[in-house]
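Residue-level structure breakdown
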Amino acid sequence: MIKTVNTTPYSDQKMGTGGLRKKTQAVMQPNYFENFIQSIFNVIDPHGKTFVVGGDGRYFNDVAIQRFIKMAAANGVRKLIIGQNGFMSTPAGSNVILKRKTDGAFIFSASHNPGGLNGDFGVKYSNQTGGQVPTSVTDKIYAETQSISSYKICEAPDINLSEIGQIRLENTEIEIIDPVNDYVDMLKNIFDFDALRRLFASGFTMRFDAMNAVTGPYAIRIFEETLGAPKGTVTQAVPLPDFGGLHPDPNLIYAKHLVDFMFSDKATDFAAANDGDGDRNMILGRKFFVTPSDSLAILTDNCRYVPAYKNGISGVAKSAATSTAVCRVAAANKLPCYIVPTGWKYFVNLMDSGRITLCGEESFGTGSSHIREKDGIWAVLFWLSIIAATGKSVEEITRENWKKYGRSYYMRFDFEGLDTSVADKLMADLENKLPSLKGQDFGSYKVSEAAPFIYHDPVDGSITQNGLVIDFTNGSKITFRLSGTGSSGATLRVYLERPEYHDLDNDTYDMVQDLLKIAMNVAEIPQRTGKTKADVNT
Ligand code: G16
């Protein structure tokens, strides 16, 4: 039943910030998906290994999973643990890797990118740590994709993934699991579910928007069936292949419907949204938005309200582009605060070595060392725990944090759809210009430091450069980097931060306007890209 198929390489199978992300139709080209999977297998030797498999239900997920199963069986994989109907969120997958001590996971998702035939598809590959593999491994896989000449696959009928239970294909054992069960058990060990039940019983109202993506069934089980939130608390709860036309990115732009609801008179006490594969989260209160950077700082400062963290945490980490809000909380609480490049995989060594417990990023990701991925529903339960324990609203909790530690006005501006060569040259020229910026005045802003962000991993000694940072004497900061999650062209991200200790009630855009002008000017964005304003700002 095992056949070897000859193939030729595709030149573009390089993994980005979080796995391979491509246009769905690119992945549907003959042998494209198979080449990529076989390249991973050739690098890691899957013989006798066990992998977790699932996806966020996007278009092509069903076809990809069947092909993957047949390739795994042909390549000698011992066992596959697959989410029922081929569904599994990224955090649930990380949890199964750790709980069942497997060799890794394959999650078919392009995360927050739109789905459908005209959307994106992706593959996230994690190893036994529970986190996505480091660049040293993705580089080897990319090299392999460049010379691949054949792949192995079983000729067999499709496997029925709708029934929980065990089956075999060749020598490969296939276990189909309910992916929600293990995930709920894990969360019960972290949070006080009784306290959360009491919160909902008291009449507390919430809206959780699953954006027609993978977290719908998880959220219904947890919020409605386990914690007693009324039916209808979870909206857009059925995972759809095209996410119902939504761009499943939980932010002010793509979840505008939820933001509008929370700024209307119908608003609930609390609202949250998750992304396609359930690792990102957005937190909202009544007429109030919490930036992901602030959210991380607030969770850190209030960790005593969650049983798993009540005896303290070992440290925290953020990506360089994320605001320094969490660093101020860490300093006040004498906790180490690590700063890593963008990409959750950079947190994995810090968690494995016990250096950090909590971490997060500006890109709507928050998590802890309970798994090795960011975790959307975990973040929501953490916020609910703080609300349950303090009786305060989202806005009160956030304002209290600003009062205590200062407020970082923070905004990200994205310039999308750029020609890759234009974007690369902009970054290269800006990098060359950085040394000359040091000491320069831009109105009331004076540059204290301007340099590429370079990370020395304290655990494995690897060095990573990602992004360019301009620091100002007043604590403000501009970070430039190119997105690593797009499927075509380039996106320039400009991250702006202005910390303030007294002036806490202003409009964020007004407060970062001057920084935006400086960024546009030093990077020559209009001249080089033809864009006088960003396509998206969050
Ligand atoms: C992925 C990574 C995140 C990272 C984000 C940044 O998220 O896992 O750690 O912050 O990409 O994306 P970009 O390179 O576009 O700025 P996800 O949720 O897409 O897997």
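Scope of this entry: the structure provided in the associated data block. (Residues numbered from 1 in each chain as written. Predicted model: local features only at pLDDT ≥ 70, side-chain atom pairs only at ≥ 80, totals over all residues. Heavy atoms only, no water.)

A few points about the overall build of the chain
Check the secondary structure of the chain and you find 17 helices and 25 strands. Relative to its length of 538 residues, the chain is compact, with a C-alpha radius of gyration of 23 Å against a globular reference of 24 Å. Its C-alpha atoms put the chain at 70 × 60 × 40 Å along the principal axes. The buried share of the chain, taken over its 538 residues, is 61%. Contacts in the chain between residues far apart in sequence, at least 24 positions, make up 72% of those at least 6 positions apart. Total accessible area on the chain stands at roughly 19,900 Å², and carbon and sulfur atoms take up 49% of it. Put simply, the chain has 56 plus and 61 minus side-chain charges, and the middle of one group is 2 Å from the middle of the other. (Helix = DSSP H or I, 4+ residues; strand = E, 2+ residues; numbered from the N terminus. Rg over C-alpha atoms; globule rule 2.2 N^0.38 Å. Buried < 20%, exposed > 50% of the residue type's maximum accessible area, 1.4 Å probe, protein only. Contact = heavy atoms within 4.5 Å. Areas by Shrake-Rupley, 256 points an atom, 1.4 Å probe, with all protein chains shown as cover. Lys, Arg positive; Asp, Glu negative; His and termini not counted. Charge placed at Lys NZ, Arg CZ, Asp CG, Glu CD.)

What about a nonpolar patch on the surface?
Together, Met-28, Tyr-59 and Leu-117 make up an exposed nonpolar region whose accessible area comes to about 230 Å². Examined against the element boundaries, Leu-117 turns out to sit in the loop between strand 5 (104–108) and strand 6 (120–127). Using a relative accessible area of 36% as the deciding quantity, one classes Leu-117 as partly exposed. (Patch = residues over 30% accessible without salt bridge, like charges linked within 9 Å, V, L, I, M, F, W, Y side chains within 5 Å. Salt bridge = Lys/Arg side-chain N within 4 Å of Asp/Glu carboxyl O.)

Focus: the sheet that holds strand 24 (residues 490–500)
Taken in spatial order, the seven strands make up an open sheet running 20-21-22-23-24-19-25, and their pairing is antiparallel. The open sheet terminates on both sides in strands that have one partner only, identified here as strand 20 (441–442) and strand 25 (536–537). As paired elements, strand 21 (residues 445–456) and strand 22 (residues 463–472) share eight bridges and run antiparallel to each other. Looking at the pairing, Val-447 lines up with Phe-472 of strand 22. (Pairing = 2+ DSSP bridges.)

A short note on the site of the ligand
Lining the immediate surroundings of the ligand are 19 residues, of which Thr-17, Glu-361, Ser-483, Thr-485 and Arg-493 lie closest. At a separation of 2.8 Å, an oxygen atom of the ligand approaches a polar side-chain atom of Lys-124. Measuring from an oxygen atom of the ligand, one finds a side-chain N or O atom of Arg-481 at 2.6 Å. In the complex, the protein chains occlude 99% of the 470 Å² of accessible area that the ligand would expose alone. For the shell around the ligand, the class distribution of residues is one nonpolar, nine polar and nine charged. (Near = heavy atom within 4 Å. Polar contact = N/O pair within 3.5 Å; in protein donor to acceptor, adjacent residues only side chain to side chain. Nonpolar A, V, L, I, M, F, W, Y, C, P; charged D, E, K, R; others polar.)

Points about the layout of surface pockets
The computed volume of the second largest pocket comes to approximately 480 Å³. Around the second largest pocket sit 23 residues that line it, and Leu-252, Phe-289, Thr-291, Arg-407 and Thr-508 are the ones nearest its centre. Listed by contribution, the elements that provide at least two residues to the lining of the second largest pocket are strand 14 (288–290), helix 10 (292–301), helix 14 (394–405), strand 19 (407–418) and helix 16 (508–522). Here the residues of the lining of the second largest pocket sort into 11 nonpolar, five polar and seven charged. (1 Å grid on protein atoms, 1.4 Å probe; cavity = no way out; pocket = protein on both sides within 12 Å on 5 of 7 lines; lining within 4 Å. Points joined across faces, edges and corners; volume = space filled by probe spheres on them.)

Quick look at the pattern of salt bridges
The final tally for this structure, using the stated rule, is 38 salt bridges. Of the charged contacts, one joins Lys-79 and Glu-175 as a salt bridge, the two residues approaching to 2.7 Å between their closest N and O atoms. Taken together, the residues Lys-79 in strand 4 (residues 79–87) and Glu-175 in strand 9 (residues 172–177) connect sequence positions 96 residues apart. Residue Lys-79 is classed as buried on the basis of its relative accessible area of 10%. When salt bridges with common partners are traced through the structure, they connect Arg-78, Lys-79, Arg-100, Glu-173 and Glu-175 into a single cluster.

Points about the packing of helix 10 against helix 13 (residues 376–390)
Packing of helix 10 against helix 13 leaves a shortest axis separation of 11 Å and a crossing angle of 55 degrees. It follows from the interaxial angle that helix 10 and helix 13 lie oblique. For the pair helix 10 and helix 13, the crossing hand works out as left-handed. Facing Ser-295, Ile-298 and Leu-299 of helix 10, the residues of helix 13 in contact are Trp-378, Phe-382, Trp-383 and Ile-386. Counted by class, the contact of helix 10 with helix 13 contains six nonpolar, one polar and no charged residues. (Axes fitted to C-alpha atoms, helices over the stretch in contact; angles between N-to-C directions. Parallel < 35°, antiparallel > 145°, perpendicular 65-115°, else oblique. Left-handed = near helix turned anticlockwise from the far one by under 90°.)

Thoughts on the sheet that holds strand 4
The seven strands are arranged 2-6-5-3-4-9-8 in an open sheet whose pairing can be described as mixed. Both edges of this open sheet fall to strand 2 (20–23) and strand 8 (165–169), since each of them pairs with a single strand only. If you compare each strand with its neighbour and ignore which way they point, the axes differ by 20 degrees on average. Where strand 4 and strand 9 come together, five bridges link them in parallel fashion. Residue Ile-81 lies in a different strand from strand 9, and its bridge partner there is Glu-175. On the sheet, helix 2 (residues 32–44) packs against strand 2, strand 3 (50–55), strand 5 and strand 6 and is oriented at approximately 10 degrees with respect to strand 6.

Some remarks on the environment of Ile-141
Inspection of the secondary structure puts Ile-141 in helix 5 (residues 135–145). On the accessibility criterion, Ile-141 (0% relative accessible area) is buried.

Some words on the side chain of Gln-132
Counting through the fold element by element, Gln-132 comes out in the loop between strand 6 and helix 5. A distance of 3.5 Å separates a polar side-chain atom of Gln-132 from the backbone nitrogen of Gly-19. One polar contact links Gln-132 to Glu-373, side chain to side chain, over a distance of 3.1 Å. Excluding residues within four positions of it along the chain, Gln-132 makes contact with Gly-18, Gly-19, Lys-124, Tyr-125, Ser-126, Lys-345 and Glu-373.

Things to note about the environment of Val-348
Along the chain, the position of Val-348 falls in helix 12 (residues 345–352). What makes Val-348 buried here is its relative accessible area of 5%. Measuring from C-alpha to C-alpha, the distance between Val-348 and Asp-249 comes to 23 Å, with 99 residues separating the pair along the chain. Beyond its immediate chain neighbours, meaning those up to four positions away, Val-348 contacts Thr-129, Gly-131 and Arg-372.

Structural notes on unusual backbone geometry
The phi dihedral of Asn-212 is positive, around 55 degrees, even though this residue is not glycine. Mapped onto the fold, Asn-212 is located in the loop between strand 10 (206–209) and helix 8 (216–226). The phi angle at Gln-236 is positive, at roughly 45 degrees, despite the residue not being glycine.

A short note on the nonpolar core
Grouped together as the largest cluster of nonpolar side chains are 70 residues, with contacts concentrated most on Phe-223, Phe-270, Leu-381 and Leu-384. The dominant element in this core, judged by the number of residues it contributes, is helix 13, at 10 residues. Non-local contacts of Leu-381, meaning those with residues more than four positions away in its chain, are made with Leu-187, Phe-191, Phe-193, Leu-196, Ile-222, Phe-223 and Leu-227. Counting residues in hydrophobic clusters, the runner-up holds 43 residues, among them Met-15, Phe-33, Ala-72 and Leu-80. (Core = buried A, V, L, I, M, F, W, Y, C linked by side-chain atoms within 4.5 Å.)

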